[in-house]
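Residues per chain, in single letters:
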Amino acid sequence: MADQVNVAGGHSLSSHHARQRMKEQFKANAARPMYTGVAQTAPEVLPHVYSSTSMAQGNLVSQYGTKYMLPMGTVRQTYEEYEEVIIPPAKPIPPMTAERLISVSELDPLVKGSFSGYASLNRIQSIVYPTAYGSNENLLICAPTGAGKTDVAMLAILRVIDQHRFSSSTASITHIRQSINRDAFKIIYVAPMKALASEIVRKLGKRLQWLSIEVRELTGDMQLSRAEIAKTQVIVTTPEKWDVVTRKPTGEGELASSLKLLIIDEVHLLNEGRGAVIETIVARTLRQVESSQSMIRIVGLSATLPNYKDVAEFLCVSPYKGLFYFDSSFRPIPLEQHFLGIKGKSGSLQSRKNLDQVTFQKVSELVAVGHQVMVFVHARKETVKAATSLREMSVLEGNVDDFSCEENPQWSFYRQKIGESRNKEMKTLFDKGFGIHHAGMLRSDRNMMERMFEAKAIKVLCCTATLAWGVNLPAHAVIIKGTQVYDSSIGKFVDLSVLDVLQVFGRAGRPGFETSGEGYICTTEDKLTHYLEAITSQVPIESQFQAGMIDALNAEISLGTVSNTGDAVQWLGYTYLFVRMRMNPFVYGIVRDSVGDDPQLGGKRKELVTIAGQKLASTKMITFDRQYGGFYVTDLGRIAAKYYIRYTSIEIFNKEFRPKMSEADVLAMLSMSTEFDQLQVRESEVKELESIMECVPCDVKGGTDTTRGKVNILLQGFISRVVVDDFALVSDMAYVAQNGGRIVRALLEIAISKKWAGVTTVLMGISKAIEKRLWPFDHPLRQCQLKPDVLYGLEQWADEWSIAQLASFDPVTLGKLVHLNEHHGAAIITAAQQFPAVQVTYDLQPIASDVLKVVLKIERAFDWNIKVHGTSEPFWLWIEDSDGLNILQLSHVVFHQTTDLLRVNFFIPIPDGQPPPFFIIRSISDRWLGAEDAINISTDSLIMPDSSKLHTSLLDLPFLTIRELGGTSILEEIFSRQLQTLNSLQTQYFWNLVHSRRHSLLCAPAGSGKSTAAQMLVWYVIRIVDQMSILEAPDAWVLITTPTKASALEIMSELRFGSRLAATAVEYGADTGVFMRPKTRTIRVITAAQLLDAFTNRAAPADIIGLRLVICENLEQLDATYELGISLLRLALQSAPTRFVGISASVYDPSDLANWFDVDPPGLCSFRPQDRDQSLHTSKHTFSIPYSASLFKAMARPAHRVIQNSSGGSSALVFVPSRGQCRSIAMDLITRCTLEMETGQGYVPDSISEDLMENYCARLQDAALMDFITKGVGFFHLGIDKGDRNLMLEMYAEGIIRVLIVPKDSCWTVPVRAAVVIVMGTQYVHFAEQGTLRQIRDYTLTELVRMQSRAVQQSGIGQFHLFCQAEALETYSRFLDDGLPLESQLMETQTLADLLGLVVDGSSDKQRIVDALSFTFLSARVVSNPSYYGFASQNQNENLSIIVDRLVEALQERQRSRT
């Protein structure tokens, strides 16, 4: 039967056929030569690998088939309950010939002072010293625990300090500490856990104190303010916290920009679940080094690292210079290792019983000879169980006295101290010589346990692995009790990792405390061989990055460092995963052949990032352009990255989150977060959880039987300040509160991004409830420092009174009200007056038929106390719809001590021009419960303006040539140099504009040739030669008005060429009298201020003679000065035949502007922005980062890509908020260009020779500009020397400078255009009142239109890229597309009031004032849009009369005050 069985490959399984195949194989083997005759390459020998075995240099490990023999001297013994293998300590390696210990006395003063108390460096430190302190090489130090790796880190820190010192020749420097430039560097020390971070801070802080170097902890428990970060040079943190910090673009995140040294301790954690975080922060740092072209040194420290070459490659460590490997023979204290295989079936009662018995036996043997022992278990509750079991067994065995520590001189002291702890188990066990230690205990209890063990006040410490990772405690022996560990992520027990075993063994026999050490591992019999092989031959550490890659990718996309699959593939190349995929592809599911075909694994990396991108897209955290591979972060993804929320939690929120949710609903959803998955419900806790559940106010979904129910109960219990007895529950409650607060803030931002009003209010309350540990229904003054009896009286007798009402009481009355005395009443009043509150007033100003501007004034209504409020008090302010469902607009405002009033403008869409009956304004403090208010805005009297129907349709007409303009050859002579034909808009309006005597208004897109057409009109009027001459008098003149001096001078320069041909004078208003009659034909150009001054100074004559034409340019920039100047001019010329022509960019509604100039329908030409003849492509890019340096760094990447992708290497104008930001943004662009283009010439075209560049550079006055122009980047603003400014414009015109950076305030003066215009941000910093108050303001729409006009090209396609905040996009887009809204500003300034007396010759005749006002733009707008100006009627006379009454009353009041 067996003979018939065949395998898939066709081979028979019969014994006959098998024997035949074996014979054939033997023959083939015998035919092979014994030696191939080919020399094999000798294994590479690295200079700094120190090992007692010959195999270490090859870095071979058991995964590759190598099985090592146990060390010489190993003993194997078998007992009834267990089998034991004892491995003796490794023999030390003798020193090399050139080796010597470096004496501290021969080191420089900086190192010597930091190593006080040291006679010399130890052997490892002496070997590493030349590289650690004498170079900037990245380092990887692999050495046994206790070998002094922290001191190597200290040498690297001192290297950074030494590199940032002022010159010692400075006379004022008398001590080394004075020579250190502390603001120039930051050093980050990443410790694996908080316990180790505290120890590192203590050690480093003590040793660097003499240099006045600040060392601080930045972890989940210890936060730092911006000021504290600025004063700190060395920050000790955890991998997760540093990941969070570097994800932030502002605040703590700005730390990364000044980072000079990154130290990663216990880097072998790469093999653990947290290893993904280490890979993330290293990859981010390495990419930062490349992107910023900065020097950041990386130092990796590890006690146990088998495949050190791979980790060195990951950390960019040179294997010949920066890699140092020292095996266990370098342990300062010899370690004897004991491997115990406990008999009995794994998990059986017999096996557990044997484990307890063997553990007690080994502990008893060690304690009996006077040693201290650490017993490591794998669950927090097991620490108490193990200690209790050992204590009970010692009673049975009768050796209790061996464990007693009562003879210790400090025992009584610690006995008293431990009595202050709430941990009952800790108190009970201490009396018998036992202690417990785990991360769930309060930090104060953990610290006490460590001090007691160090003082030998306890002999046996039962602890979890937390203690192995860095807490420096003296112990002769460590015992690992069991090797089964529960993994919450997969929901089952797994083997204790080999790295954990090695780390625990490293805690035995610490130098300075013990002369020898013993390490015991008690495992099951079937696992004994596994741990023997793993510990002696060592297992390579693999990457765990794939488990966390999706969240890590989202963080990079959110930061802007990864924008497509190509970037992501490159980013993945910086990870340890990439290194190990090439070295050990099978583990990562890669076929060996594919590595040969694709050595850099580009295909595999693309597959991984594509899968991750698809997952993020499915959770709506990004949008993924699958065709082009683009990644675009969404609000959801940005918030998840900011608050460190897993994508699995976002999946849950997507299903559960709703616009309307109660507090109970929100708490239930929050409790479902996967961040809490590791919390388990223990049987011993259920009763206490049930009792807590009875005390909390919200219903708990899931009860006490589920993790989410437990989380919900603990979070509510935390807010309610419930006292918890079970110490494990105390720990869980702290964990839930810390993470719950973070997740609630994330949910709050998600709700805000979705504009859900109801749930946003609920989440704000819960967020503050967790922070304050108070419920929203508690009395608000509980947040103040009032005594308990005062709070009791307040809640008992004055609970119905509001905070404002309490603040208005007098102390005696209030004291009686709360049944207390006057002093208590005064305390309540003080608290009420300091309780944050704001008073909000509003104005409703329609700016279009379907857009309402709401102007809010927020006034501080509380007394500032620096102790109570600190430096700032933030408030949320929003407008929600009448249903209270949707947030229409939202703002986050901040009050400072000097701030009394803030102004906020909201733009609300009004569909179909029909406003709802009311809106709701809601103000809520970001920190204080109960500090909120809601105001209903009635729209009953609101009048929305009609939509404009006066826009001119663009006609399809044949273009007029310059020869066809008619009437005179002067136009051809002047304009033929710059154009041969008119564009479509000019063709359509030319005849109406030029061949007409009517008043005209021309509104057209910026850059469409309006000013050129106006100049044609001027020359036509000046030199017409036919008999219909408009100017019959030789001294007739034309007046051109502009809003600014810059635009006046620009027009002057454009008119000069024609003035010579036409024999006509061109004058600037500042050089002559504005209304002085010229002696020859003249064109006079003046500014709005000059025009108004002419009337103010009574320089205007009674009759203005000879003025035939007034052209009012740039009416879109109409302000109070410009409007009043034109109005007074129109009033003065009301009976004269002077023609008025208004020129403006496209406006939303031109009707009232036309009425103001008395323009009849044929004289009005109003085109929309999209009617522009030239091709202009507008793109909008939104950013969610607040205004900061990080915002512009994030913008640099897309800005560079826009410049680089422009056709034919086109020039670019980049508008930035201020002059001070020009150079930093230029550096960001140059850095990005250098990285992506891999060239050192920046944006300079290849065709530009070095000689030509040198010739231009030689003409520079400011040498600092050379670094920029040699990279093709220049600047334009008035702060630059005029010669350099003109030189850069010349280079820009010649194409040498390709990118010109211009600050916002120079947008009106920059004389050039570009094929690409980028507006990098639409906010700027405004300093009010002598620069004391810093306010962030938005660009005006007119400024954006001006910037947009710089992209208009006579030929080709212009590109306009707007980079702005997400919330501003809708408003900017609307009016850039539909035209600018234009309103009168006369009522917003004192200009009109100041001129009132002059206009009416000092009389108070109100009717004359009304008549004068009828010539203003305001008079038309109070009819068309009365609500904007605060009127409820469209009656012009009535509204103007009200304005006049107010003006006259104000004038009379001023006159009375003067007398």
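Residues numbered from 1 in each chain as written. Predicted model: local features only at pLDDT ≥ 70, side-chain atom pairs only at ≥ 80, totals over all residues. Heavy atoms only, no water.

Sorry if this is basic, but what is going on with the overall build of the chain here?
Looking only at helices and strands, one finds 52 helices and 42 strands in the chain. If one aligns the C-alpha atoms of the chain with their principal axes, the spans along those axes are about 130 × 100 × 90 Å. Looking at the chain residue by residue over its 1459 residues, the buried ones come to 55%. Summarising the internal contacts of the chain: among those between residues at least 6 apart in sequence, 72% fall at separations of at least 24. Here the chain has roughly 63,100 Å² of accessible surface; of this, 50% comes from carbon and sulfur atoms. (Helix = DSSP H or I, 4+ residues; strand = E, 2+ residues; numbered from the N terminus. Buried < 20%, exposed > 50% of the residue type's maximum accessible area, 1.4 Å probe, protein only. Contact = heavy atoms within 4.5 Å. Areas by Shrake-Rupley, 256 points an atom, 1.4 Å probe, with all protein chains shown as cover.)

How should the nonpolar core be read in this particular structure?
Nonpolar side chains tend to gather and get buried jointly when the protein is soluble and globular. With 135 residues, the main nonpolar core has Leu 1129, Leu 1213 and Ile 1301 as its most contacted residues. Other than its neighbours up to four places away in sequence, Leu 1129 contacts Leu 1039, Phe 1075, Leu 1091, Phe 1095, Ile 1104, Val 1110 and Phe 1140. Judged by nonpolar contacts, the second largest core, of 124 residues, contains Trp 571, Ile 713, Leu 715 and Val 730. (Core = buried A, V, L, I, M, F, W, Y, C linked by side-chain atoms within 4.5 Å.)

Would you explain the state of the cysteines in this entry?
Here, disulfide denotes a covalent bond that connects the sulfur atoms of two cysteines. Inspection of every chain in the model, using the stated rule, returns 0 disulfides. Unpaired in this structure, Cys 698 has its nearest cysteine sulfur neighbour in Cys 695, at a distance of 14 Å. (Disulfide = S-S within 2.5 Å.)

I would appreciate a short explanation of the sheet that holds strand β7 (residues 234–237) in the present structure.
Through backbone hydrogen bonds, the strands of a sheet pair up, either in parallel or in antiparallel fashion. Strand order in this open sheet of 8 strands is β1-β10-β4-β9-β8-β5-β7-β6, and the pairing throughout is parallel. Only two strands of the sheet have a single partner each, and these edge strands are β1 (49–50) and β6 (215–218). As paired elements, β6 and β7 share 4 bridges and run parallel to each other. The residue of β7 that forms the bridge with Leu 218 is Thr 237. (Pairing = 2+ DSSP bridges.)

Got a minute to help me understand the sheet that holds strand β32 (residues 1107–1112) in this structure?
With parallel pairing, the 7 strands of this open sheet are ordered in space as β30-β31-β29-β32-β33-β28-β34. Taken across any chain shown, the strands that pair with only one partner, and hence form the sheet edges, are β30 (1065–1068) and β34 (1164–1166). Across this sheet, the average inter-strand angle for adjacent strands is 15°, counted without regard to direction. In terms of strand pairing, strand β29 (residues 1037–1042) meets strand β31 (residues 1082–1087) through 6 bridges, oriented parallel. Residue pairing in the sheet places Thr 1042 in a bridge with Thr 1087 of β31. (Axes fitted to C-alpha atoms, helices over the stretch in contact; angles between N-to-C directions.)

What should I look at first to understand the packing of aromatic side chains in this one?
Pairs of aromatic rings are described using the distance from one ring centre to the other and the angle between the two planes. Across all of its chains, the model carries 34 aromatic pairs by this definition. Between Phe 835 and Trp 928 the ring centres are 5.6 Å apart and the planes differ by 80°, which places this aromatic pair in the edge-to-face class. In this pair, Phe 835 is assigned in the loop between α33 (822–834) and β21 (838–848) and Trp 928 in the loop between β26 (918–925) and β27 (932–938), connecting sequence segments 93 residues apart. Judged by its relative accessible area of 3%, Phe 835 is buried. Look at Trp 928 and you get buried, because its relative accessible area is 5%. A ring pair is formed by Phe 1183 and Phe 1363, whose centres lie 5.6 Å apart and whose planes are at 50°; its orientation type is tilted. With Phe 1183 in strand β35 (residues 1175–1183) and Phe 1363 in strand β42 (residues 1357–1365), the pair connects residues that are 180 residues apart, well separated along the chain. Ring-pair connections join several aromatic residues into one group, and the members of that group are Phe 1140, Trp 1156, Phe 1157 and Phe 1417. (Phe/Tyr/Trp six-rings, centres within 6.5 Å; stacked < 30°, edge-to-face > 60°.)

Would you mind showing me how to read the pairing of strand β5 (residues 186–190) here?
Side-chain direction in a regular strand flips from residue to residue, so the side chains alternate between the two faces of the sheet. Within β5, 5 of the 5 residues are buried, which leaves the element mostly enclosed by the surrounding structure. Taking every second residue as pointing to the same face, both faces of β5 are buried, with Lys 186, Ile 188 and Val 190 on one and Ile 187 and Tyr 189 on the other. Pairing of β5 with β7 involves 4 bridges; the strand directions are parallel. Each residue of the ladder has a partner; that of Ile 188, found in β7, is Ile 235.

I tried to follow helix α27 (residues 707–719) on my own but got confused; where do I start?
Here α27 is 13 residues long and its end C-alpha atoms lie 18 Å apart, about the 18 Å a rise of 1.5 Å per residue gives. For α27, the buried fraction is high: 11 of the 13 residues fall into the buried class. Here α27 has its buried residues at Gly 709, Lys 710, Val 711, Asn 712, Ile 713, Leu 714, Leu 715, Gln 716, Gly 717, Phe 718 and Ile 719. The positive-phi residue at the C-terminal boundary of α27 is Arg 721, with phi of around 60°. (Expected span 1.5 Å × (residues − 1).)

What's the story with the pattern of salt bridges in this structure? I'm lost.
Opposite charge on two side chains allows them to pair when their charged atoms are near. Inspection of every chain in the model, using the stated rule, returns 49 salt bridges. For the salt bridge of Asp 635 with Arg 638, the shortest nitrogen-to-oxygen distance reads 3.6 Å. Of this pair, Asp 635 and Arg 638 both sit in helix α23 (residues 635–643), 3 residues apart, which is roughly one turn of the helix. On the accessibility criterion, Asp 635 (32% relative accessible area) is partly exposed. By relative accessible area, which is 19% here, Arg 638 ends up buried. Here Asp 850 makes a salt bridge to Arg 1374, at a shortest N to O gap of 2.8 Å. (Salt bridge = Lys/Arg side-chain N within 4 Å of Asp/Glu carboxyl O.)

It is not clear to me how the side chain of Thr 760 should be interpreted in this structure. Could you clarify?
Here Thr 760 shows up in helix α29 (residues 757–772). Residues within four places of Thr 760 in sequence aside, it is in contact with Leu 748, Ala 751, Ile 752, Trp 878 and Ile 887.

What is the right way to read the environment of Phe 1057 from this model?
Mapped onto the fold, Phe 1057 is located in helix α38 (residues 1045–1062). As a C-alpha pair, Phe 1057 and Ile 974 span 83 residues in sequence and 7.2 Å in three-dimensional space. Apart from residues lying up to four places away in sequence, Phe 1057 is in contact with Glu 973, Ile 974 and Arg 977.

Could you clarify how one ought to interpret the environment of Arg 1446 in this entry?
Mapped onto the elements of the fold, Arg 1446 is located in helix α52 (residues 1436–1458). Its relative accessible area of 45% is what places Arg 1446 among the partly exposed residues. Here the alpha-carbon distance between Arg 1446 and Ala 1393, two residues 53 residues apart in the chain, equals 9.6 Å.

It is not clear to me how the packing of helix α20 (residues 576–583) against helix α22 (residues 602–618) should be interpreted in this structure. Could you clarify?
Packed helices, taken two at a time, are described by the angle their axes make and the gap between the axes. Here α20 crosses α22 at 135°, and the two axes come no closer than 11 Å. Between α20 and α22, the angle is such that the two are oblique. Note on packing geometry: the crossing formed by α20 with α22 is right-handed. Counted together, Leu 577, Phe 578 and Met 581 of α20 and Lys 604, Arg 605 and Leu 608 of α22 form the full contact between these two elements. Classifying every residue of the contact of α20 with α22 gives 4 nonpolar, no polar and 2 charged. (Parallel < 35°, antiparallel > 145°, perpendicular 65-115°, else oblique. Left-handed = near helix turned anticlockwise from the far one by under 90°. Nonpolar A, V, L, I, M, F, W, Y, C, P; charged D, E, K, R; others polar.)

What's the story with the packing of helix α13 (residues 411–418) against helix α15 (residues 443–454) in this structure? I'm lost.
Packing of α13 against α15 leaves a shortest axis separation of 11 Å and a crossing angle of 170°. Comparing the axis directions of α13 and α15 gives the class roughly antiparallel. For the pair formed by α13 and α15, the contact residues are Tyr 414, Lys 417 and Ile 418 on the first element and Met 448, Met 449, Arg 451 and Met 452 on the second.

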